[in-house]
Amino acid sequence: MRTFVQTFSLLLFTTFFSLATYKLPDWLPADIYLRLDPLLGLSAILAGKEIIGRALWSLIIVGTTLTIGRFFCGYVCPMGAVIDLSHYLLWRRKKNSPLKSEANFRKIKFFLLFIFLIAALAGVSLSYFMDPLPLLTRFYTFILYPLVITLINLFLDLMRPIFHALGWISLSHQHYSQPVYYLAIVTFLIFAGIVTLSRLTIRFWCRYLCPLGALLSFISPLGLWKRRVSQECNECLKCQKACPMGAVEENPKRIHLAECIQCRTCAEVCPKGAITFPTSFSLAKASEHQTSAKGGEYSTVDFSRRGFLYSAAGGLTLAFLADRTPFTPLKGKYQLIRPPGALPETDFLQTCIRCGECMKSCLTNTLQPCLWESGLTGLWTPKMDLRFAPCEQNCNVCGKVCPTQALRSLSLEEKTNAKVGTAVLRKEMCLVWAQDKLCLICDEICPYNAIVFRTVEGYRRPFVIASRCNGCGFCEQKCPIQGDSAIIVVPSGEIRLKEGSYLKEAQKLQLEFKPDPGDDKFILEESGFKVEGEQKGKENLSPAEKTQPKKPKGFLLIP
Amino acid sequence: MKNFGREITRRDFLKSAAAGAALSFAWKPVFSNAQEEYDLVVISGDPVAATRKALEVMGGISRFVKKGQRVVLKPNMSFARPPESGCNTHPQVVTTVAQACLEAGAQQIMVMDYTLGRPELCLERSGIRQACKSIKNVHVIGIEEKKFFREIRVPQGKVLDRVEVLKEVLDSQVLISLPVTKSHSATGVSMGIKGLMGLIWNRTSFHDKYNINQALADLATVIKPQLTILDASRALVSGGPGGPGEVQKPNLIIAGVDPVAVDSYGVTVAPWYGQNFKGRQVEHLLVAHQRGLGKIDLDQLRIFKGKA
């Protein structure tokens, strides 16, 4: 039963993950798992000091945990499912021996939880680092998704001759664009580490480290179903060995209620059938019956005031260290292009949970994880790598899938007006400006006619009209020179709004990102075109026409 | 050498197709419009009716497509923009020609283009995938991978020695070009001959390595559509090839076997950047004409003009 629910949940998580792509329908919450995560919501709200609508979905998990107990870890958590699965595949024959000083290890997760929450209060969001849902989403985005695409394409390549022979034309031309991400190996190593820890003891991560589990175990003892061991118990300790959370105490009749994930494994393995999970409303009653099950034993008793103070100090120190770097005063001054609809940088860093969902959903793969570009506080936040790929004007998926709305979900029109930066021509590198070559790719590719040609020194040369450029980066990506682009998008002029309309803001600033004809007529004023080496063309030219300056490129001056 | 061999087969096929076409005309003098073979057929009217009429006057699609053949239709669907932008071929021109090919007994029809934008977006926004969705055996395919191309030699190439052409074009029996009438910032206009660049892999070299006009003529010596149907229902007269730009509505469909002649007529259907031009004034058309690839002067062409 539990395996079934877990598998289903993992599949559901995977399905939602794969749906997070262009063209995601507006009604479909592809980020639902991340929204349901109370730790993410809580730390984003604490860090940003503002209520986030989507994070309120996590109240569902809070509510159900209050009634059922810590079922999330055993049944819903996709990371838990992956850990159980990999344990089953790799180490199922290994004896499950608990670690020494189990109780001390168990506390680690509470320390971590408090460190993260205190750091969040101090304005630095850190829980993304160890919260299982963003962790798994990042693994899916940076590793699994590219891998699956590679495998699918490999399979398609192998089958191509067969599809062709069968006349399955569309299938024989099927190919999926390969997504790639910076430093995926870091994510891989972290993930591999978590899985490998299970070798030491089953669900090592969930028992000792997971801060989300820690948060849930604070409220789970209030749940209705509680383990009860009858007098039949012969203390064979089978339940203690089988418990994946190590929640059964030395006296097998007692249980660490906060650790129990309602998996009922103990009841299954008990040879006497002595274990049941009756409903019981009151904690006091439960302790009466079981003499042991004190609600929130670890959270309130074992996790001492001293422990709390330590972790509070730790959280503040971390937040201090992470925030007091030159990156903080430099916010907005370095070359970093955020996705359209990103909150103002400080809010953005506090709200973004680094799940990588936006990067997964990005149609062109331009969204890439930041590493140290904006310091520790910016780790894994999305940036646009416009030399690599542009931002597609018909796509607005990144905001739709952002669970904390660090990237605001915008309509296409709003997104078009959410200017991310401005293209700047680097004349010393531009083929036209520096070498008098006939290049016009940036102009040709610009979807908003923000690049125009004007005659300077007898040559038509490109200019950027900043008020028409929303920083989509097509020019930067397509610039044909080697190395850095001769036209780059800089953050200058970006519009970052916490609320309100980007369209109105753009209008206020007299910006216009419209795919209208623009001033293409300028071409007629150019005079520098030469009919290179075309003798036939030249001999047909009358002297009068030769001096006629008005002629678009590609046309000849002959009658 | 192997590639060269295929090239010969292809050319042979073209010859026999032309011969077949000529024969079919000789045998069927009953059709009034077949009594005189036209170089160009120009029909005004809405895209569907005009395309149908143009095919009819050309002698029917069965002149070009035989039962059981594989047909590649090459529209311009390179940009993720809607039909009214004038960047892409009108979806209804594509469906009308595809239907006609099916009626003539074509086995499979592949509507293909190596799109400039993301294929899925271009196919979607151009409206071409949606329009062809309900027609059986018509496959709309956007290409963006080198593995779908095969290198061939360009025996008559002046600047191009070799070029990688879409395999499906080399392997199928019929290629029908369905360009749209639009301006192009590097080649003046982009119609049938410029549109051939949507069938080859390394097209950036056309822009940064070769003289694009010579390279286009070279390309036209190895990729020869049996029929070109130019969609001049709209003409993007400035801001091409990708727009945004001024869109005029000549409401014409121009069909012909000679790709240079079709393009040359296309140049005259609208003023470009506010100025009238002739085919001769478009450099790549002039070069192609000089290389013997087609007629460029309209006064030397037999043109059927009609309404649908």
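Per the secondary structure count, chain B includes eleven helices and 13 strands. For chain B, the residues scored as buried account for 57% of the 308 residues in total. Pairs at least 24 apart in sequence give 74% of the contacts found in chain B among residues at least 6 apart.

Our focus in this paragraph is the overall build of chain A. Helix and strand counts for chain A come out as 27 helices and eight strands. When burial is assessed residue by residue, chain A has 47% of its 559 residues classed as buried. Sequence separation of at least 24 residues holds for 74% of the intrachain contacts in chain A that already meet a minimum separation of 6.

All names here are of chain B. Across chain B, the average pLDDT comes to 88, with 88% of residues at or above 70. Mean pLDDT values over the elements of chain B span from 53, in helix H1 (residues 2-27), up to 97, in strand S7 (residues 174-178). Taken as a whole, residues 1-6 scores under 50 in pLDDT and shows six contacts with residues more than four places along the chain or in a different chain. Low confidence marks residues 26-35, where pLDDT is under 50. Its contacts with residues over four positions away, or in another chain, come to seven contacts. Predicted complex, confidence summary: ipTM 0.76, pTM 0.82.

A separate point is helix H9 (residues 212-222) of chain B. Most of H9(B) sits out of view: ten of its eleven residues are buried. Buried within H9(B) are the following residues: B:Ile212, B:Asn213, B:Gln214, B:Ala215, B:Leu216, B:Ala217, B:Asp218, B:Leu219, B:Ala220 and B:Val222.

All names here are of chain A. Viewed as axis vectors pointing N to C, helix H7 (residues 102-121) and helix H17 (residues 305-323) meet at an angle of 45°, and their least axial separation amounts to 7 Å. Viewed along their axes, H7 and H17 adopt a mutual orientation that is oblique. Considering the relative orientation of H7 and H17, their crossing is right-handed. Touching Lys107, Phe110, Phe111, Phe114, Ile115, Phe116, Leu117, Ile118 and Ala119 of H7 are Gly307, Phe308, Tyr310, Ser311, Ala312, Gly314, Gly315, Leu316, Leu318 and Ala319, all from H17. Its residues assigned to classes, the contact of H7 with H17 shows 14 nonpolar, four polar and one charged.

Residue and element names in this part refer to chain A. Here six bridges tie strand S6 (residues 451-456) to strand S7 (residues 459-464), and the two strands are oriented antiparallel to one another. The residue of S7 that forms the bridge with valine 456 is tyrosine 459. Between S6 and S7, which pair antiparallel and follow one another directly, the connecting turn spans two residues, one of which, glutamate 457, has a positive phi of 50°.

Moving on: the confidence of the model for chain A. Looking at chain A as a whole, the pLDDT averages 84, with 87% of positions reaching at least 70. Here residues 284-301 of chain A is a poorly scored stretch, pLDDT under 50, and it has 35 contacts once near neighbours within four places are set aside; other chains count.

What follows is about the domain arrangement of chain A. All names here are of chain A. As far as domains go, chain A holds domain 1 (2-302), domain 2 (345-413), domain 3 (420-525) and domain 4 (533-559). Here the C-alpha centroids of domain 1 and domain 2 sit 25 Å apart. Counting from both sides, the interface comprises 32 residues of domain 1 and, opposite them, 27 residues of domain 2. Going through the elements one at a time, helix H2 (32-36), helix H3 (38-48) and helix H8 (132-166) are the ones with two or more residues in the side of domain 1 that touches domain 2. Of the residues assigned to the side of domain 1 that touches domain 2, the class counts are 22 nonpolar, six polar and four charged.

What follows covers the environment of A:Ser304. On the secondary structure map, A:Ser304 appears in the loop between helix H16 (297-302) and H17. For A:Ser304 and A:Cys402, which are 98 residues apart along the polypeptide, the C-alpha to C-alpha distance reads 36 Å.

This paragraph deals with the packing of H9(B) against helix H11 (residues 283-290) of chain B. Residue and element names in this part refer to chain B. In the contact formed by H9 and H11, the axes pass within 8 Å of each other and the chain directions differ by 45°. In terms of orientation, H9 and H11 fall into the oblique class. Of the two possible hands of crossing, H9 and H11 adopt the one that is right-handed. Where H9 approaches H11, its residues Ile212, Asn213, Gln214, Leu216, Ala217 and Ala220 are matched on the opposing element by Glu283, His284, Val287 and Ala288.

A separate point is the environment of A:Phe4. Tracing the sequence through the fold places A:Phe4 in helix H1 (residues 2-19). For the pair A:Phe4 and A:Leu39, spaced 35 residues apart in sequence, the C-alpha separation works out to 26 Å.

Residue and element names in this part refer to chain A. For H1, which comprises 18 residues, the first-to-last C-alpha distance of 25 Å matches the rise-based estimate of 26 Å (1.5 Å per residue) to within 8%. Those residues of H1 lying buried are Gln6, Leu10, Phe13, Phe16 and Phe17. End-on view of H1: buried residues confined to an arc of 125°, all on one side of the axis. Away from the buried face of H1 by more than 90 degrees, exposed residues Phe4, Leu11 and Thr15 are located. Buried residues along H1 sit in contact with H2, helix H5 (71-76), helix H6 (78-91), H8 and helix H19 (357-361).

Cut-offs used in this document
Residue positions are counted from 1 within each chain, in the order its sequence is given. Here the convention is simple: chains get letters from A, ligands get numbers from 1, in the order in which they are written. A pLDDT threshold of at least 70 governs which residues receive local features in this predicted model, and a stricter bar of 80 or more applies before side-chain atom pairs are shown or counted, although totals over entire chains, interfaces and linings include all residues. Put simply, DSSP marks the helices as runs of H or I at least four residues long and the strands as runs of E at least two long, and each gets a number from the N terminus on. Residue burial here comes from a neighbour count, namely the number of other C-beta atoms, placed from the backbone, that lie within 10 Å of the residue's own C-beta, with 20 or more meaning buried, 12 or fewer meaning exposed, and in between meaning partly exposed. Throughout, a residue-residue contact means that the two C-beta atoms, derived from backbone geometry, are no farther apart than 7 Å. Scored between 0 and 100, pLDDT is the confidence that the predictor attaches to each residue. Working convention: axes come from line fits to C-alpha atoms, limited for helices to the stretch in contact. Angles between N-to-C directions cover 0 to 180 degrees. Working definition: roughly parallel below 35 degrees, roughly antiparallel above 145 degrees, roughly perpendicular at 65 to 115 degrees, and oblique for all remaining angles. By convention the crossing between two helices is left-handed if the near helix lies anticlockwise of the far one by an angle smaller than a right angle, and right-handed if it lies clockwise. Three classes are used: nonpolar for Ala, Val, Leu, Ile, Met, Phe, Trp, Tyr, Cys and Pro, charged for Asp, Glu, Lys and Arg, and polar for all others, with Gly counted as polar. Here, any two strands with at least 2 DSSP bridges between them count as paired. Segmentation of the chain into domains, including their bounds, is taken from an automatic or database domain assignment. One less than the number of residues in a helix, times 1.5 Å, gives the span that helix is expected to have. Of all possible arcs, the one meant is that of the directions from the helix axis to the C-beta atoms.

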